[in-house]
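Tertiary structure, described
Residues per chain, in single letters:
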Amino acid sequence: MRIVFLFLFLYHSHLLGAQTYGDYIGGGHDQNISVTTSSDFQPEGRQQAATGSKTLQVSGLTGKLIDAGRFLAQATMGADRSTIDSVAKLGFEAWIDQQFELPPTFVRPHIQEVYDTTFQRYLAAGGDTLKYPEIPASEHFDYAWWQVNMTNDDLLRQRIAFALSEIFVISFKSELDRYGEGVASYYDLFIEHAFGNFKDILLNVTLHPCMGVYLTHLNNPKSNPARFIYPDENYAREMMQLFTIGLYELNQDGSRVKDGNGKDIPTYDNDDIGEFAKIFTGLGAGATRPMPDTIIEPAFGLRSSRIDMAEPMVMYEEYHEPGPKYLLNGFVVPAGQTGMEDVNAALEHLFNHRNVGPFFGKQLIQRLVKSNPSPAYVSRVAAAFNDNGAGVRGDMKAVIKAILLDEEARSCGWYNDPVQGKLKEPIIRYTHFARAVGGVSENGFFWNQGDEYDDDAGQHPMYSPSVFNFYWPDFQPVGPIGNQGYLAPEFQVHNSRTSIGFVNFVNEWVVSETLLRTKDDPERLVLTHLDDLITHAADTEALINELDILLTNGMLRDDTRQIITTIVDPLEDPFEKVKLTIYLMVISADYTILK
Amino acid sequence: MKFKSRRQFIKEFGLGALGLTTASSVTQLKAINAAYLNNSANELNSDYKAIVCFFLAGGNDSFNMLVPRGNPEYDEYAVTRSDLALSQNELLPITPVTSDGRQYGLNPAMINIHQLFNTGKVSFINNVGPLIEPTTKSSYQNGSAPVPLGLFSHSDQLKNCQTGLPHVRTHFGWGGRMADLLNSMNSNRNVSMNISLAGTNIFQYGETLVEFAIDPFDGSPGITGYDPLSTGFDANRTEGIDLLLGVEHSDMYKKTYTDILKRSLEGSIEFRAAMEQIGSLNTFFSDNRISQSFKRITEVIMARDILGFKRQIFFVRMGGWDMHGELLNSHERNLTVVDNALGEFANGLDETGMFDAVTTFTISDFGRTLTSNGNGSDHAWGGNALVMGGDVRGGDMYGTYPSLALGGALDVHNGVLIPTTPNDSYFAELALWFGVSLSDLSTLFPNIGNFYDTGSSAAPLGFMNI
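Let me begin by describing the structure that accompanies this report. (Residues numbered from 1 in each chain as written. Chains lettered and ligands numbered in written order. Predicted model: local features only at pLDDT ≥ 70, side-chain atom pairs only at ≥ 80, totals over all residues. Heavy atoms only, no water.)

**Focus: empty space enclosed by the protein**
Residues and elements named next belong to chain B. Selection criterion: The definitions used throughout rest on a 1 Å grid laid over the protein atoms alone, on which a cavity is an enclosed set of points accommodating a 1.4 Å probe that cannot get out and a pocket is an open set flanked by protein within 12 Å on both sides along at least five of seven lines; lining residues are those having an atom within 4 Å of a point. Grid points are joined across faces, edges and corners, and a volume is the space filled by probe spheres set on the points. Residues are grouped as follows: nonpolar covers Ala, Val, Leu, Ile, Met, Phe, Trp, Tyr, Cys and Pro; charged covers Asp, Glu, Lys and Arg; every other residue, Gly included, is treated as polar.
The final tally for this structure, using the stated rule, is 12 cavities of 30 Å³ or more. Size it by volume and the largest cavity reaches roughly 190 Å³. As for the largest cavity, its lining consists of 21 residues, of which Val-128, Ile-363, Ser-364, Gly-383 and Asn-384 are closest to the centre. Grouping the constituent residues of the lining of the largest cavity by class yields nine nonpolar, 11 polar and one charged. Roughly 110 Å³ of volume is contained in the second largest cavity.

What follows is the structure, encoded as structure tokens:
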């Protein structure tokens, strides 16, 4: 890998001055560049001038490192110093292109090892075989997820996969909590298709039995009016409302289309839902779970406990609703097709709806970059969704580049806009810290349990309280954000419990040096790697500067810096000094808010 | 403003800063509150009231909770519900004070609630749900009646029953807005009168007041190592935290993050200090999230004078009601949890002498289709709700219990029934009992005038002693 990086660095170094996506701090190709927050800067479309909270007076390499760190805070779950260094040298687009080429790391391959190891530990501790889950469950998924996200190189892919899991939501907070391997295979769909096409994501999600259980279109039979049985409408409704087109007709910039009376225009009504419900009938078990003594053939009606929850559902024609289906805007799925032809036609019909670009694009921007993107930004991202430049609709690579390389995400003018940014999700606050500082594992395992962090800090992958994810996309916290009509979804899980819960986890990571721990074996810890940072203990300023690169990406306020310096300077014990410095930085708003 | 805030009071009477960490702080709190209450400049009702909103998330299949038992109404039910019908002889019989000529029974899992009903502590609200104005099948089907937004969608119906505003999509809850109106009755300014056992929620989200979230098991643990009386590392840490939380951020995200953390820290310190002083609660509560939520609520109510509350609103959420499949088993399991929790809560409130001061009520996204999808039911509209409390006119059923025959006057499709009791009336009666004035009722529930004359001296439904 290092050789490849070096080669690319040499190859691309002459291109550094020719970046197409605008200026960045310390870019070096403009000698007179000065980066200060200016009271007369007026971002396009905004009423007020920027009143930046920090004056950036960095130059040269530090500036590039900070900007690279900030980019990685948007583009990854977390990145270490060497990754920041390489991005600073490589440039953003080149790094993205490199990430596109890396092979994916999947969660499911780790599940069996996790299960076998923990089962053996359980037995060795005197546990009763009959009381242990028969197949991998949610806690095994948690361990495997952390193993991937602590050791992987495909950083961008994993970040996108996690964001997709927050849009196409299923959750362990349902009967799925006993299907750890099934959920892993579901999550792996997002890893596999993160750089693929939206249409494939939609199809694979529709056919996955975990989604079939979660939104109840597994074993959804055609109408039987004599028995008052009608197709279940759950999946039809939620997949339109949440996965594809949303509730209202949208313009390309994400604003709502208005009718002649100035009112919003709903995208569908309850009759439409009934028609779509007919589409999603007839899907049943694709494969059965291997059982020791019996062989069960897959059949429609087989419940999840018998099904292989990692294998796609298949269509059982005799249970698929016959007849035409009248979908949106006069589109008719004709009678006489196979069930899968119906499903593909309906998904394609929705995929081509003009709402998908802005609806999906805006949510992805909110996950990665900022809670309140400008309409122009949404429009540019939607345009990339609509056509990747080569006539292809739904190209994830085009959308990802459009989001991360847009001037609204990259340029320092936007960097200091008061509306710029977001509260980092609880899990991102964890992984960002964990990758930046690193952990020490004696056996190569980076396993971590999830439900405590979910309980206390408000979030863990695949533990959403409902299909609406951990927070509504349009949540507005009380206070200056809501008062001015802005959105900040992540604040919906920032309350009197979780705000303190997060701080107490920081205490564990930093003061107790426990980065990761498993539920089943409290002795097996991954310790926080503080050794490198301890070397800066004698020089408070150097320590804080290094942490600024790793954690706060240049957004450390002068007064925060002053407070921390005043508090830690007098400390004699280097461990205490370094720990308190890190702790105070990580609980501060300068870390938790991404600008 | 009628009262001085507690902080103003403290400043004026020279009681100094509130440095709250240990038991001494509670003595201070008690003294401050006692003095505050004795101060004749402060007008306060002497009675305490709490409402507990018990949200059953996903849509409770409540026509299997409160079931027709006699003939022919049971037969209608059994035909309509096909494989979802409970058997007639397993229903727990109830005899409501007001008879409509039919017989009713409860789901067999509801043993405690059955007893509470028979002793006049529980009542049911029939076929209740969101309406903008009185609606008939034809006005619904021909589109002439405005209907609640997003009917049958979880996210919209969750919002409707928690905002009480089915005609708009907003995230301010009627519990939060009641708190905005009534918080002046409370003297505490650090801990919200809205206590949530389920994190941030729409119901308790007001324009100024939001929830104080506590954990059903742990209550309100504070920041580890934060202790103004500590020495060494923790002393430095505490000072650092205080300084960071004192920064005045102009950035709106940073300000919101910091303000919430700061308020949470102050609140948790005060909360924990109060909890240390309440004495023992001997009633048994089951070891699950729901029962433990009600236990925490009982404890908080025991601390009401220490903390300085005359009005409190609690929120409990129980998931798992969206039974598109496996309905009979899942519903029985869920109702057992609810039944135990409410029985235990009633006992706990009795033990502390507060049963009359507390009204518990259920809400859910919607009722479920009377018809079966082969194994479960789908999203519907009207459903039955439950209320419990000393001021509830118990042992009765309020509103019209509908016919469950398919294709009837209320059945719009598949046994989706138009509500016969509007949410507005249900919620308005609770609000009036809680202390909201008649004149404020239309602000809280703008559509109430379509169902109830706010100039009237009669109650909207009559299930509370107001």
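**A look at the pairing of strand 10 (residues 383-389) of chain B**
All names here are of chain B. Cut-off, in case you're wondering: Three exposure classes are used, based on accessible area relative to the maximum for each residue type with a 1.4 Å probe and protein chains only: buried under 20%, partly exposed in between, and exposed over 50%. Under the scheme used here, helices are H or I runs from DSSP no shorter than 4 residues and strands are E runs no shorter than 2 residues, and both carry numbers assigned from the N terminus. Strands are labelled as partners when DSSP assigns at least two bridges between them.
The element strand 10 is extensively covered by neighbouring structure, given that seven of its seven residues are classed as buried. The two faces of strand 10 match: Gly-383, Ala-385, Val-387 and Gly-389 on one face and Asn-384, Leu-386 and Met-388 on the other face are all buried. Here strand 5 (residues 122-129) runs beside strand 10; their pairing, made up of five bridges, is antiparallel. Each bridged residue has a counterpart across the sheet, and for Val-128 the counterpart in strand 10 is Gly-383.

**Describing unusual backbone geometry**
What is expected of a backbone is that most residues other than glycine have negative phi and most peptide bonds are trans. Put simply, Asn71(B) and Pro72(B) share a cis peptide bond, and its omega is 0°. Relative to the assigned elements, Pro72(B) resides in the loop between strand 2 (66-68) and helix 3 (73-81). Even without glycine at this site, Asn219(A) takes up a positive phi of about 60°. Note that Asn219(A) resides in the loop between helix 10 (209-214) and helix 11 (234-244). Positioned with a positive phi, Phe152(B) is a non-glycine residue whose angle comes to about 80°. Considering the arrangement of structural elements, one finds Phe152(B) in the loop between helix 5 (137-141) and helix 6 (154-163).

**Focus on the interface of chain B and chain A**
Short version of the rule: The contact criterion used is simple: two residues touch if any of their non-hydrogen atoms lie within 4.5 Å. As used here, buried area is the combined drop in accessible area, with a 1.4 Å probe, of two parts when they are placed together. Within this document, salt bridges are pairs made up of a side-chain nitrogen of Lys or Arg and a carboxyl oxygen of Asp or Glu, the two lying within 4 Å of each other.
Tallying the contact residues gives 70 residues for chain B and 72 residues for chain A. Among the residues chain B hides against chain A, the three largest losses belong to Phe233(B), Tyr253(B) and Tyr257(B). Together they make up 15% of the total. On the surface where chain B and chain A come into contact, there are four salt bridges. Note that Asp590(A) is salt-bridged to Lys254(B), the shortest N-O span being 2.9 Å.

**Thoughts on the sheet that holds strand 2 of chain B**
Paired through their backbone hydrogen bonds, the strands of a sheet run either parallel or antiparallel. Residues and elements named next belong to chain B. Worth spelling out the cut-off: Structural elements are reduced to axes, namely lines fitted to C-alpha atoms, with helices fitted over the stretch in contact, and the angle between N-to-C directions of any two is expressed from 0 to 180 degrees.
In space, the three strands of this open sheet follow the order 2-4-3, with antiparallel pairing throughout. At either end of the open sheet lies a strand with only one pairing partner, and these are strand 2 and strand 3 (92-94). Between one strand axis and the next, the sheet turns by 40° as a mean value, whatever way the strands run. As paired elements, strand 3 and strand 4 (residues 104-106) share three bridges and run antiparallel to each other. What sits directly across from Pro-93, in strand 4, is Gly-105. Each of strand 3 and strand 4 is contacted by helix 4 (residues 111-118), which is oriented at about 15° to strand 3, the strand it contacts most.

**So, helix 25 (residues 558-568) of chain A**
Here helix 25 of chain A has its buried residues at Thr560(A), Arg561(A), Ile563(A), Ile564(A), Thr565(A), Ile567(A) and Val568(A). Packed against the buried residues of helix 25 of chain A are helix 24 (540-552), helix 26 (574-587) and helix 27 (589-592) of chain A together with helix 8 (232-245) of chain B.

**Regarding the pattern of salt bridges**
Residues and elements named next belong to chain A. Applying the stated rule across the entire model yields 46 salt bridges over all chains. In this structure, the salt-bridge partner of Glu-408 is Lys-370, at a minimum N-O distance of 2.7 Å. Separated by 38 residues along the polypeptide, Glu-408 in helix 17 (residues 407-410) and Lys-370 in the loop between helix 14 (356-368) and helix 15 (375-386) bring together distant segments of the chain. Each of the two residues, Glu-408 as well as Lys-370, counts as buried. Of the charged contacts in the structure, one is a salt bridge between Asp-559 and Arg-557, with a shortest N-O distance of 2.6 Å.

**Some remarks on the side chain of Arg304(B)**
Residue and element names in this part refer to chain B. We apply this condition: Note that His is not counted, nor are the chain ends; the positive residues are Lys and Arg, and the negative ones are Asp and Glu.
Following the sequence through the fold, Arg-304 ends up in helix 11 (residues 304-307). Despite its burial, Arg-304 pairs with no opposite charge, the nearest such side chain being Asp-305 at 4.5 Å. Discounting chain neighbours no more than four positions away, the residues touching Arg-304 are Tyr-48, Phe-309, Gln-312 and Met-354.

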